[in-house]
Amino acid sequence: MDDFERAFRELQFKTAYLEKKGNEFEDWFATIMEKRFPGDFMRVRPWGKVGDRKNDGYVRSKRWLFQVYAPNDMSARDALAKIDEDYNGALPYWKQHFDEWIFMHNSKQGLGPDVTAKLVELDKAGPPAIVSWGFEELRRVVFDLAPAELASLFGPAPGRRDMVNLGLDSLSPVLDHIAAIEPNSVPDLRPPPGDKIDRNMLSENVAILLRAGMSRVDLVRKYFRLQPGGKDQVAESFRQRYNQVRSVGLTPDEIFADLQRYTAGDGVPPPSRQSAALAVLAFFFEECDIFEREVADGGGA
């Protein structure tokens, strides 16, 4: 996996981790673990009145038992009560089978002090050991997967060769998709600042993707020379989408990932279309139609 494909996959993982909530996150976690530990990880689903007996997944060889949480969606009191209920409820059924009780959560910002203190308290009272897994722990599991498993989890990803082989035939459907929205404002033609990526607090993974896209913006310019009336329309559709997702408080990387999906279209786009989407995004990023030239103190894109 080259640095371009790795950056693409990293952004896919980050977006999925941040967007999936509740049962969707729990199912996604179990799918990842099944791919990483085939024949070893056991997905546990609720069964009638028995439920799941406080077990959201189990790795036999490691003797790990997982409970999956969305702590940001609960009050501190509810989270603490659920931890007590789940941990103490698991012991009668599973204690002889596990050495680590793993608190798997979907909070990118980390855990609150009350939850952290509860986990430390339970760990001191053990065995079993109490372990917390979050973004970084699950990310490492994901990037231990073979390329074929990553593709089955996220769909195909473009590589540098796809960018090199990109032609106007791949760009056209992407631009046609974006051009479907009617423009309603005058385009802004000021040049972008050289440090626009830093100003917008975009990650290095996004920077890698934008730099790769920049290498083929010549094709986008050529396209608009052939169809000069389409540029303003496409630019306005990007501005509308950018302002829409920015207004709901997404992080800069989440905004970029949303624009990627918006550009490439629905479904699971092939690598050629995703490469074209990056070239288009890079073009309008460079043109200053998306993301900010200047960022106010304490704010991002």
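Just so it is clear, the structure is predicted and the values come from calculations on it, not from any experiment.

### Remarks on the nonpolar core
Moving on, step 1. Core analysis: the largest hydrophobic core is formed by 45 residues, its most contacted members being Leu171, Phe256, Phe284, Ile290 and Phe291.
Moving on, step 2. Of all elements in the fold, only α1 (3–19), α8 (168–178), α10 (204–214), α11 (217–226), α12 (231–247), α13 (252–264) and α14 (271–286) reach the threshold of two or more residues within this core.
Moving on, step 3. Element by element, the count of residues in this core is highest for α14, at 10 residues.
Moving on, step 4. Beyond its immediate sequence surroundings of up to four residues, Leu171 is in contact with Leu166, Leu219, Val220, Ala276, Ala279 and Val280.
Moving on, step 5. Counting residues in each nonpolar core, the second largest holds 28 residues, with Ala16, Phe25, Trp64 and Met104 among its members.

### Some words on unusual backbone geometry
Moving on, step 1. At Arg63, a position not held by glycine, the phi torsion is positive, near 60 degrees.
Moving on, step 2. Following the sequence through the fold, Arg63 ends up in the loop between β2 (57–59) and β3 (64–69).
Moving on, step 3. Look at Arg63 and you get partly exposed, because its relative accessible area is 27%.
Moving on, step 4. If you check the backbone angles, Met201 has positive phi at about 60 degrees while not being a glycine.
Moving on, step 5. Tracing the backbone through its elements, the reader meets Met201 in the loop between α9 (196–199) and α10.
Moving on, step 6. Residue classification places Met201 among the exposed residues on the basis of a relative accessible area of 55%.

### Remarks on α1
Moving on, step 1. Between its first and last C-alpha atoms α1 spans 24 Å; for 17 residues at 1.5 Å apiece the expected length is 24 Å, and the two agree.
Moving on, step 2. Within α1, the full set of buried residues consists of Phe4, Ala7, Phe8, Arg9, Glu10, Leu11, Gln12, Phe13, Thr15, Ala16, Tyr17 and Leu18.
Moving on, step 3. Between a side-chain oxygen at the N-terminus of α1 and the backbone nitrogen of Phe4 the separation is 3.1 Å; the capping residue is Asp2.

### Digging into the layout of surface pockets
Moving on, step 1. Approximately 580 Å³ is the volume found for the largest pocket.
Moving on, step 2. Forming the boundary of the largest pocket are 26 residues, of which Gln12, Phe154, Ala257, Arg261 and Gly267 lie nearest the centre.
Moving on, step 3. Listed by contribution, the elements that provide at least two residues to the lining of the largest pocket are α1, α2 (22–36), α6 (147–154), α13 and α14.
Moving on, step 4. Of all the elements, α1 adds the most residues to the lining of the largest pocket, at 6 residues.
Moving on, step 5. By residue class, the composition of the lining of the largest pocket is 13 nonpolar, 8 polar and 5 charged.

What counts, and at which threshold
Residues numbered from 1 in each chain as written. Predicted model: local features only at pLDDT ≥ 70, side-chain atom pairs only at ≥ 80, totals over all residues. Heavy atoms only, no water. Core = buried A, V, L, I, M, F, W, Y, C linked by side-chain atoms within 4.5 Å. Buried < 20%, exposed > 50% of the residue type's maximum accessible area, 1.4 Å probe, protein only. Helix = DSSP H or I, 4+ residues; strand = E, 2+ residues; numbered from the N terminus. Contact = heavy atoms within 4.5 Å. Expected span 1.5 Å × (residues − 1). Polar contact = N/O pair within 3.5 Å; in protein donor to acceptor, adjacent residues only side chain to side chain. 1 Å grid on protein atoms, 1.4 Å probe; cavity = no way out; pocket = protein on both sides within 12 Å on 5 of 7 lines; lining within 4 Å. Points joined across faces, edges and corners; volume = space filled by probe spheres on them. Nonpolar A, V, L, I, M, F, W, Y, C, P; charged D, E, K, R; others polar.

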